[in-house]
Amino acid sequence: MTGVWMELCPACDARRSAARAFIQWYRDPERDPKALPRLFEDWETETMHVHGWVRAPQPQVGPSPPAHLRLVPRGKE
C-alpha cells in the first residue's frame, strides 16, 4: 500500500495536461472508448510524477515456447 488515493478531480486537475485530456474525453458524448486505456495511463503516469514516482519500464517478453503435443487437442496437430 502506498497511502495515496488517486482521484480525478475536474476542479483540481484541469491545469494538468493528461488530466485535462481525460476530463475532456469523459465529458465528450461522442468519446471513443478505444482512447480510454491511453488516456488513463497518461493520467496515472502524470499523477504518479506529482508524488515523485516514475513508472518502471516493462520487461521485454520473449515468444512463448510451442505447446507440448499432449496439450494440443486431437485433430489440431
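Values in this document were obtained by computation on a predicted structure and should not be read as measured data.

S.K.: I'd love a proper account of helix α2 (residues 17-27), names of residues and values included.
M.R.: Every buried residue of α2 is accounted for by A18, A19, F22, I23 and W25. The arc that holds the buried residues of α2, viewed along the axis, is 160 degrees, so those residues lie on one side. In α2, the exposed residues that point more than 90 degrees away from the buried face are Q24 and R27. Where α2 is buried, its residues meet α1 (10-13) and α3 (36-50).

S.K.: Account for the nonpolar core, naming residues and giving values.
M.R.: Judged by nonpolar contacts, A19, F22, W25, L39 and W43 together constitute the single largest core of five residues. Those elements that place two or more of their residues in this core are α2 and α3. It is α2 that provides the largest number of residues to this core, a total of three residues. Residue contacts for W25: discarding those within four places in its chain leaves R31, D32, P33, A35, L36 and L39.

S.K.: Give me the side chain of R16: which residues, what numbers.
M.R.: Residue placement: R16 occurs in the loop between α1 and α2. In this view, R16 contacts W43, E46, T47 and V50; residues no more than four positions away in its chain are not counted.

S.K.: Provide a residue-level description of the packing of aromatic side chains, including the pertinent values.
M.R.: Tallied over the entire structure, the rule returns four aromatic pairs. With 6.3 Å between their ring centres and 45 degrees between their planes, F22 and W25 make a pair best called tilted. On the criterion of helical spacing, the pair formed by F22 and W25 is a turn pair, its members being three residues apart in helix α2. Assigned by exposure class, F22 and W25 land together as buried. Consider the rings of F40 and W43, whose centres lie 5.5 Å apart with planes at 55 degrees: the pair is tilted. One end of the pair, F40, and the other, W43, are both in helix α3, three residues apart, so they sit about a helical turn from each other. By relative accessible area, W43 is classed as buried at 5%. Through a chain of ring-to-ring contacts, three or more aromatic side chains come together here, namely F22, W25, F40 and W43. Lying over the aromatic face of Y26, R31 brings its terminal NZ or CZ to 5.2 Å of the ring centre.

Criteria and thresholds
Residues numbered from 1 in each chain as written. Predicted model: local features only at pLDDT ≥ 70, side-chain atom pairs only at ≥ 80, totals over all residues. Heavy atoms only, no water. Buried < 20%, exposed > 50% of the residue type's maximum accessible area, 1.4 Å probe, protein only. Helix = DSSP H or I, 4+ residues; strand = E, 2+ residues; numbered from the N terminus. Arc of directions from axis to C-beta. Contact = heavy atoms within 4.5 Å. Core = buried A, V, L, I, M, F, W, Y, C linked by side-chain atoms within 4.5 Å. Phe/Tyr/Trp six-rings, centres within 6.5 Å; stacked < 30°, edge-to-face > 60°. Lys NZ or Arg CZ within 6 Å of the ring centre and 35° of its normal.

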